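Coordinate analysis (summary)
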Amino acid sequence: MSEERPSGAAPKQDSPKNPSRSVGAKPAPAASDGSAMEGTLGRNGFVVERQTSRVTADAADPLVNPEEPGGGADLSPGSDAKTASRSSGWSGGDEDRSDIATSEVDVDTSSYLEDFEELLSSEVTVDVDAMRTAACRGISHKVRGEVWLYLLGVRPSSKHAAIERTKQLEEHYNRIEKVCVDSKRIAFEARKLRDKDNVYQDEEVIRRIRSVVSAYINDRGVTFTANLVRLACPIAAVIELDAEAFAAFCAVMDQINELESIAERSSKCLSMIRGSLPELAQHCEDEDLDLRASIQDWLQGMLVLNIPLESSLILWDLYIARGFWYHSYMCVGMLEAIQDRLDEVDEQEFRHTMNYIPITQIHEVIVAADNLFASRQTST
């Protein structure tokens, strides 16, 4: 499987000088904590503000090493999710959407909504660093869309600048054609998503997915794949303004396209599985179960198709806060959570389980991923 990349994209190791992402870059003033603030005129036609934090992922880990050629670091030049939190203090969001299949979260998170509302209520400037830290504990669905916009750099931290930014986004989006030759296929793929997630039966969400993906194809000149629809779904489900949903989708795709190829990431995932789940790895080999194909599918679609939407949104809270490089650890954590169900399955049952993951306690997956990440840092 090949990863979605805009045609003519520059090699990742050269991305700091990629003209499509840094034309008109402004000088980077120093932030109060010693980190650098960057402003870049992105391919969306608007300035993206981001802060390069001093807190980075351990360069010794090949999955997060920004110096390794093609490395999937959270500090990639196009990424606004700069901070790789070492904390395992995730608690989920106080999810209250009755129309979405929910995961069972046995943690009281009622106070987290108040934390985000306090951050968002600032009259002058939103503290995006504090918001990113809080997001690693989970985001309430009531404010999720707004928080994602800040963490992705779509909205600037300045409340005054945010008003002007929204106008710029709408003007740019209105200039893009929202229909492409694949529009019907986009809607068809969207309707094929998990039928238990009622949000995918919402005509407004389907329309937004079709418009955003069509605009992305026309604006970036990329070829349609069903995977674009998968990756647009979380954005379309939580961000209601089309122009902002489009900008957020572009920001997410920019981050994902900075990662290593699917083949490289799947090989590293399989290596981690052999190290942390040796019995499962041996079982798959003995029974000729195609673990690699399933892992590649998980990596390419970010598990959007494989788990209930609410669980997927909880994972995306972490990806947007930390960086999409963290998804590789989440895949291994997911396998650890369901390994008992894979002990005595045949090939058909294996494929079905991997395609429709029987997970209800998504926090167990996150804890497993955090523990795996921590163990790799201490062992290097």
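Scroll up for the structure.
Keep in mind the model is a prediction, meaning the values are calculated, not measured.

**Notes on the packing of aromatic side chains**
- A complete count under the given rule lists 11 aromatic pairs for this structure.
- Seen in terms of ring centroids, Tyr-319 and Phe-324 are 5.6 Å apart; in terms of plane orientation they differ by 45 degrees. Their pairing is tilted. Across this residue pair, the class does not change: Tyr-319 and Phe-324 are buried.
- Between Trp-325 and Tyr-329 the ring centres are 6.2 Å apart and the planes differ by 90 degrees, which places this aromatic pair in the edge-to-face class. As far as burial versus exposure is concerned, Trp-325 and Tyr-329 are alike and both buried.
- Three or more aromatic residues link up through ring pairs in this structure, and these residues are Trp-148, Trp-316, Tyr-319 and Phe-324.
- Lys-178 extends its terminal NZ or CZ atom over the ring of Tyr-173, reaching a point 4.3 Å from the ring centre.
- Directly above the ring of Tyr-326 sits Arg-322, whose terminal nitrogen or CZ lies 4.5 Å from the centroid.

**Overview of helix H6 (residues 183-191)**
- Of all the residues in H6, the buried ones are Ser-183, Ile-186, Ala-187, Glu-189 and Ala-190. Burial along H6 is one-sided: seen end-on, the buried residues are contained in an arc of 160 degrees. More than 90 degrees from the buried face of H6, the exposed residues found are Lys-184 and Phe-188.
- Where H6 is buried, its residues meet helix H7 (203-220) and helix H8 (226-238).

What counts, and at which threshold
Residues numbered from 1 in each chain as written. Predicted model: local features only at pLDDT ≥ 70, side-chain atom pairs only at ≥ 80, totals over all residues. Heavy atoms only, no water. Phe/Tyr/Trp six-rings, centres within 6.5 Å; stacked < 30°, edge-to-face > 60°. Buried < 20%, exposed > 50% of the residue type's maximum accessible area, 1.4 Å probe, protein only. Lys NZ or Arg CZ within 6 Å of the ring centre and 35° of its normal. Helix = DSSP H or I, 4+ residues; strand = E, 2+ residues; numbered from the N terminus. Arc of directions from axis to C-beta. Contact = heavy atoms within 4.5 Å.

By themselves, these figures tell us nothing about what the structure is for.
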